[in-house]
Amino acid sequence: METPAPLAHLLQALEVGDLAAAKAAAAALQRTSAGPTQLAAEVLHELRQPLLGVKAYAQLLSEETGPVGPLKLLLAQVERMEQIISDFVRLSSDRAAPQQPLPLATAVWAAAKLFALNPDSSHIALEVEAPEHITVQGNSRLLEQLTLNLLNNARDAMAGRGRIKVRLTTEGTAPVMYVADWGPGIPREMREKIFEPYVSSSKRGTGLGLAVCRRIAHEHHAELSLAPNDSMPDQPPPSTVFRVAFPATVVEAPAQGKRVLIVDDESIIRMVFRDLMGKECEILEAGTAEEALELLRNEPVDLIITDKNLPGISGLALAQQARAMNPQARVLLMTGYPSLGTTQEALELGVMDYLLKPFDDIRQVRALIRSALAAPPAQPRPAAGKRVDVLDDNSTSSRIIAEALGRLGLEARLISNTEVVAMEPPMAVLVSWDFTPAYGRKALELGKALAQGAPFIVLVEHLTMETTLDSLRAGAIACLPRLFFDAAALSRELSRALKLSTT
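Anyway, here's the lowdown on the structure attached to this text. (Residues numbered from 1 in each chain as written. Predicted model: local features only at pLDDT ≥ 70, side-chain atom pairs only at ≥ 80, totals over all residues. Heavy atoms only, no water.)

1. Topic: the sheet that holds strand β5 (residues 174–181)
So, step 1. Spatially, the 5 strands line up as an open sheet ordered β2-β4-β5-β7-β6, and their pairing is mixed. Each edge of the open sheet is held by one strand with a lone partner, namely β2 (124–129) and β6 (223–227). Averaged over neighbouring strand pairs, the angle between their axes works out to 15° when direction is ignored.
So, step 2. Both β2 and strand β4 (residues 162–171) contribute to a ladder of 6 bridges, which runs parallel. Across the sheet, I124 pairs through a bridge with G162, a residue of β4. (Pairing = 2+ DSSP bridges. Helix = DSSP H or I, 4+ residues; strand = E, 2+ residues; numbered from the N terminus. Axes fitted to C-alpha atoms, helices over the stretch in contact; angles between N-to-C directions.)

Here you go:
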């Protein structure tokens, strides 16, 4: 786990003897509430290393003697400790995980496989009804954890043999997952607090599993609740039913009549896209950026999908020249070798999204292409005026940002909460990723809405692929380090991003 940014600033300031900077960093550390919870999460993270050693040697010993007796119990307890650590770290984290359209059945079947591999599940009959067409906007790993926790919770509630059933369905256009068991049920006095941390009706449970489930559900804007026993059509009815209701999905219409240019030097990749989208739109192909540019000079297209690493001119250079020819050109970039630097460059070029090869699920790629084609062309508004709205609730960084803007002849309008008073559109918007009233992607949504078509820039403590990709997908023109103690450096970065003349 990386050292939290305010803590890193504090240590750096103390090392060089900068008392003022140390006080500011200490205040930032206190503001982020990175106190006992953060410390506990870091300690638990460090415990994973010796625990990994214990587990590895126990597994090596089991190869010689077989996983029986005390050794089998030891491995089981190590795995239980790993689960407790993972659950607590998840509960203590405020970092939103990246999401994308995916079949919910993928996460369910992955969880079912892990569940079946656990020896404790050998006496459980697990049934899964998971149609492939039910999709959600989500994170596959977290949805797998959510499902697995619900399955483990049901199993632990049953002392002997038992039955568990997972059923995916839709209610209207909303995907819903039911997890039911035919165990002893949940006592009435515990039903109101079953989702609280450390509350469990099972002697084997840690009391964290359902709390983690609710946290993951909230991250997906879903609702996790206990459902009536008759929610499942089975007879006899189950004793306990958990229901996860996801937001209603919007199905992207096929992109009829659109033209898509695929640029890749691998013919098999071009063939995949031709077979994927050829029935919905016209597919044009180019093996190099030079071929693509020649084609673009003669034939307009609705979307360009290009590999980053091309022979000759790169995919990023192609995107730059395509947008110079047509500022409204829509570009999706593909790469098998992602890096923070190229993601930053793609963001500042106005690329719509960054596809990672190999694709996890080609259906997700189709949904992304449909979404990109359905999106209205960007209509950038020319910068006007001198007012820059700044969404930041840290007094120290707000002062540094205001000074940086002042060096450029711009006026900062500081906003520290979500109760924004309507005004004329700003020249630009700066939004802090760590804006407490609307953290992370919510801060991006607020910044974009506040910009009203003007450019907006995201400021973060430390640049990562996650924050940069989220900023790119939100439509920001840049994602910059906040340069907490250096107004001059921040001013130079803002001037470059906003394409201002400093003369």
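2. Details of helix α11 (residues 340–348)
So, step 1. Within α11 the residues assigned to the buried category are T342, T343, Q344, A346 and L347.
So, step 2. Residues of α11 that are buried make contact with α10 (315–325), β11 (331–335), β12 (353–356), α15 (465–474) and β17 (478–481).
So, step 3. G350 occupies a position one or two residues after α11 and carries a positive phi of about 85°. (Buried < 20%, exposed > 50% of the residue type's maximum accessible area, 1.4 Å probe, protein only. Contact = heavy atoms within 4.5 Å.)

3. A word on the packing of aromatic side chains
So, step 1. Under the defined criterion, the tally for this structure stands at 1 aromatic pair.
So, step 2. Arranged with centres 6.3 Å apart and planes meeting at 70°, the rings of W433 and Y439 form a pair that is edge-to-face.
So, step 3. Here the basic side chain of R163 rests over the ring of W182, its NZ or CZ set 3.9 Å away from the ring centre. (Phe/Tyr/Trp six-rings, centres within 6.5 Å; stacked < 30°, edge-to-face > 60°. Lys NZ or Arg CZ within 6 Å of the ring centre and 35° of its normal.)

4. Focus on α10
So, step 1. Among the residues of α10, those classed as buried are G315, L316, L318, A319 and A322. One face of α10 carries all of its buried residues, which in axial projection span an arc of 155°.
So, step 2. Looking at the buried side of α10, the elements it contacts are β8 (259–263), α9 (289–298), β10 (303–307), β11 and α11. (Arc of directions from axis to C-beta.)

5. Thoughts on the sheet that holds β8
So, step 1. Spatially, 5 strands are ordered β9-β8-β10-β11-β12 in an open sheet, and the strand pairing comes out parallel. With partners counted over all chains shown, the strands left at the sheet margins are β9 (282–286) and β12, one partner each. In this sheet, adjacent strand axes meet at a mean angle of 20° when their direction is disregarded.
So, step 2. Bridge count between β10 and β11: 4 bridges; the pairing is parallel. In the strand pairing of β11, D307 is matched with M334.
So, step 3. Relative to β8, α9 is tilted by about 160°, and along the sheet it contacts β8, β9 and β10.
So, step 4. Seen against the sheet, α10 touches β8, β10 and β11 and runs at an angle of roughly 155° to β10.

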